[in-house]
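Descriptive analysis of the structure
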2 protein chains.
Amino acid sequence: MNTSIVRRPKPRATISDVARLAGVSISTVSRVINDTAPVSEDVEQRVRQAAEMLSYTPHAAARNLAVRKTYMIGLLLPELGNNFFAPLLRGVENAVRPTEYQLLVHASLRSLEDAPWRRSSIGEHNADGMLVFVNSTDEEELLRNYQREFPMVLLFFSGPRSANIPHIGFDNASGLRQVVEHLVTVHGRRQIAFLRGPVGNFDSDEREMAFCQTLERLGVAWRPELIVRGHYTSVGGESAIQALLDRGIAFDAVFTGDDEAATGVMAALRRANLRIPEDVAMIGFDDLPFAGYLNPPLTTIQAPVERAGFLAATKLLSILAGEIPEIATRLPVELVIRQSCGCRR
Amino acid sequence: MNTSIVRRPKPRATISDVARLAGVSISTVSRVINDTAPVSEDVEQRVRQAAEMLSYTPHAAARNLAVRKTYMIGLLLPELGNNFFAPLLRGVENAVRPTEYQLLVHASLRSLEDAPWRRSSIGEHNADGMLVFVNSTDEEELLRNYQREFPMVLLFFSGPRSANIPHIGFDNASGLRQVVEHLVTVHGRRQIAFLRGPVGNFDSDEREMAFCQTLERLGVAWRPELIVRGHYTSVGGESAIQALLDRGIAFDAVFTGDDEAATGVMAALRRANLRIPEDVAMIGFDDLPFAGYLNPPLTTIQAPVERAGFLAATKLLSILAGEIPEIATRLPVELVIRQSCGCRR
DNA sequence: AGAGTTAATGAAAGCGCTTTCAAAAGTATG
DNA sequence: CATACTTTTGAAAGCGCTTTCATTAACTCT
């Protein structure tokens, strides 16, 4: 194997090369490239031609250094596993594309061995602002960046109380209200299992609270043993429900924190010979693309993930443009009724 | 609304600030930060302390400019819609994380209004190398970058014949062979509809070829009207099959280019009161997470998407390290037999 | 025709860092 | 104690660009 023969790509044309070829100064080249000052007709032509011939493209780092901007937006995520991610990123991209900014994605299962100054590079240096997904960083760093007035928008959590950082999330309370009311009022279920996400997940916490409150409001007692922890994954859902089944805890409905977990729950229930929705009704969250194709088609809360991504990026862009946006945005969610809850077509 | 009061974040500490505070020169600071030359014990201490106090972090653009490297890997994708994307990106990230590189994601439904020098910035300037997803750019640009010896790895296509750029893809031929043989040999199907992806999609073209060849080898005539075009989406699959149905073209099996389309096909078949697999057997491609939870569970080709992402990134990193990797890598795929093909548990 | 403007251009500084080169300080050697 | 090395440090150049400021050229008016 041919190790470490460092083969640098051919040197690129610089602004000086263009200037020389066009017979002008580099200032002039800069001006025609950026259209920052009037330049005479023929000089402009010459410069453009020279640039074309050398297939010149400005060197980003140099430009960034000079203007003290990176034209980059950081996107900080925990691991990129879930299906949530595709529509979210799509939304972000759609907002960013028409601008001069680019997207720097950073999945941050932060390795602790990293040098401290390397770890958070995205937040502090390689970007002009950043979009922070829930659970992708700690409060301390968030606070540090906040104090430096580093532009940020938070996704699906609101950040430290003391900070007041703009954020975007779903209206979890309303969603839960819809779910619980539907299950209790329409289908008469009273023993609803709630398969929540991991501890510390902001949305999950909110939902759990709303779950219990709505139940109480409807005069149904909620039982702690029916609130179980999953992983927002298929196997997570499967094993959580299996555990409930094994412990002999009765329930007549299950609400899962996301659709992916719902597939696992379905598998577990089927294995236990429980019919959906007759024996146990099911409702999911997210309305992922396949939800309607499950068996039975999954009733679920539709959450506008792509829109959330789009709005978050838009918000950040507006901050970068010097505007002062609203701090909190809650996106409405809506119950999509299919058949897993017991409704007929 | 408070428009365009440009509020720059507070100025950060620079290397000179640290140097001043520590009472040394900036060269020395640079040396301790990067550990590029021996520095006496106490000076090192002083510098580290000063850096800590000012919470100094080097400015990436400046460093990049000086070392003529961006430490960034570009990832060029078409739109980020599909579910394919999450595992792919996960693989890429896993390969990139332990290194000093970062990931610059660029979804390139290139808008034609962009200035020509802006359009391709990722390829030429903001990254040290790039991962190019199929259909995310045109041959011309690929060739330009190739001639400049810009490090690239192609994902799921092999690029222009003349270029010889390293690439990673699936072993489509083998996959198709498995599918067709299974359908023909095990289940005796002879009228297999092939729902392929968009025209110009490299994988789709390869698969179509293998599809026809295998059929011929098995002595089954293939009919052009059974090869239909979809979109790698659920609705795309649905309408394609619906069209077949409407035109009264008979088939006893359908192979879809991906699992997402398969969900649509299932819907269309069900609507036509055709039973799966009795009336028409089905096989998908990709083995997306939900495939096993469809009704009936989908027999499909499992493609190691995450691994492909990981390997592609690894390959690019090795190029950046000066090694010369293999040009072509084909990842094996495997038929996962569930029930939509007609097999029993 | 000369003074006063205006438009187009270039020279040069500076963005924050790395890195080469030389100087200074310390150590070993004859 | 002078000489020859080492080791540690600083000065300064340069990476490729933007931008300010000064200069020159070209007009416009009286």
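Thresholds applied
- Each residue is numbered by its place in its chain's sequence as written, counting from 1.
- Throughout, the order in which chains and ligands are written sets their labels, letters from A for the former and numbers from 1 for the latter.
- With pLDDT at 70 or above as the cut-off, local features in this predicted model cover only qualifying residues; side-chain atom pairs require 80 or more to be listed or tallied, and sums for whole chains, interfaces and linings still use all residues.
- Side-chain calculation: all heavy atoms of the structure are included, whereas hydrogens and water are not.
- Helix and strand definitions here come from DSSP, where helices need a minimum of 4 consecutive H or I residues and strands a minimum of 2 consecutive E residues; each element is numbered from the N-terminal end.
- Only protein chains enter the accessibility calculation, which uses a 1.4 Å probe; a residue is then buried when its area is under 20% of its type maximum, exposed when over 50%, and partly exposed in between.
- We call two residues in contact when some of their heavy atoms are within 4.5 Å.
- Methods summary: accessible areas were calculated by the Shrake-Rupley approach with a probe of 1.4 Å, and residue burial reflects only the protein chains presented.
- For the purpose of counting charges, residues Lys and Arg are taken to be positive, whereas Asp and Glu are taken to be negative. His and the chain ends are not included.
- To locate a charge, take NZ of a lysine, CZ of an arginine, CG of an aspartate or CD of a glutamate.
- Take a side-chain nitrogen of Lys or Arg and a carboxyl oxygen of Asp or Glu: if they are within 4 Å of each other, that pair is a salt bridge.
- Helix span, expected: 1.5 Å multiplied by one less than the number of residues in the helix.
- Polar contacts, as used here, are pairs of N or O atoms within 3.5 Å; protein pairs need one atom able to donate a hydrogen and one able to accept it. Residues neighboring in sequence count only if both atoms are side-chain atoms.
- Domain borders in the structure are assigned automatically or taken from a domain database.
- Buried area adds together the accessible area that both of two parts lose upon being put together, with accessible area traced by a 1.4 Å probe.
- All amino acids are sorted into three groups, where Ala, Val, Leu, Ile, Met, Phe, Trp, Tyr, Cys and Pro are nonpolar, Asp, Glu, Lys and Arg are charged, and the leftover types, Gly among them, are polar.

Considerations on the overall build of chain A
Counting its regular elements, chain A contains 13 helices and 12 strands. In terms of overall dimensions, chain A has C-alpha extents of about 85 × 55 × 45 Å along its principal axes. For chain A, buried positions account for 55% of its 345 residues. Sequence-distant contacts, at least 24 apart, represent 70% of the contacts inside chain A between residues at least 6 apart. On chain A, roughly 15,200 Å² of surface is accessible, and the fraction owed to carbon and sulfur atoms is 52%. Both charge centroids of chain A, one from 37 positive and one from 40 negative side chains, sit 3 Å from each other.

A closer look at the pattern of salt bridges
For the structure on display, the rule yields 28 salt bridges over all chains. Among the salt bridges present, the one from A:Glu208 reaches A:Arg196, with a minimum N-O distance of 2.5 Å. With A:Glu208 in helix α10 (residues 202–217) and A:Arg196 in strand β6 (residues 192–196), this pair connects stretches of sequence that are 12 residues apart. Residue A:Glu208 is classed as partly exposed on the basis of its relative accessible area, which comes to 22%. According to the relative accessible area criterion, A:Arg196 is buried, its value standing at 4%. Where B:Asp42 meets B:Arg46, a salt bridge forms, and the shortest distance between an N and an O atom there is 3.7 Å. Here B:Asp42 pairs with B:Arg46, and both are found in helix α3 (residues 41–53), just 4 residues apart, close to one helical turn. Assessed through its relative accessible area of 35%, B:Arg46 is described here as partly exposed. Taken together, the shared-partner salt bridges in this structure form one network comprising A:Arg196, A:Asp205 and A:Glu208.

Considerations on helix α11 (residues 234–246) of chain B
Residues and elements named next belong to chain B. Helix length check: α11, at 13 residues, gives a terminal C-alpha distance of 18 Å against a target of 18 Å (1.5 Å per residue), a fit within 8%. Elements in contact with the buried residues of α11: β6 (192–196), β7 (227–229), β8 (253–256) and α12 (259–271). Here α11 starts with a cap whose side-chain oxygen sits 3.0 Å from the backbone nitrogen of Gly236, and that cap is Thr233. At the C-terminal side of α11, Gly248 shows a positive phi close to 70°.

Things to note about the domain arrangement of chain A
All names here are of chain A. Taken as a whole, chain A is organised into domain 1 (15–58), domain 2 (72–169 + 306–331) and domain 3 (172–304). Surface buried jointly by domain 2 and domain 3 totals about 860 Å² across both partners, of which 48% is contributed by carbon and sulfur atoms. Put simply, domain 2 and domain 3 have 1 salt bridge between them. Measuring nitrogen to oxygen at the nearest pair gives 2.5 Å for the salt bridge that ties Arg330 to Glu206. The tally of links between domain 2 and domain 3 comes to 4 residue pairs in polar contact (both at pLDDT 80 or more). The set of elements that each furnish at least two residues to the side of domain 2 that touches domain 3 consists of α13 (305–320) and β11 (328–331). The biggest single contributor to the side of domain 2 that touches domain 3 is α13, with 3 residues. Partitioned by chemical class, the residues of the side of domain 2 that touches domain 3 number 6 nonpolar, 3 polar and 3 charged.

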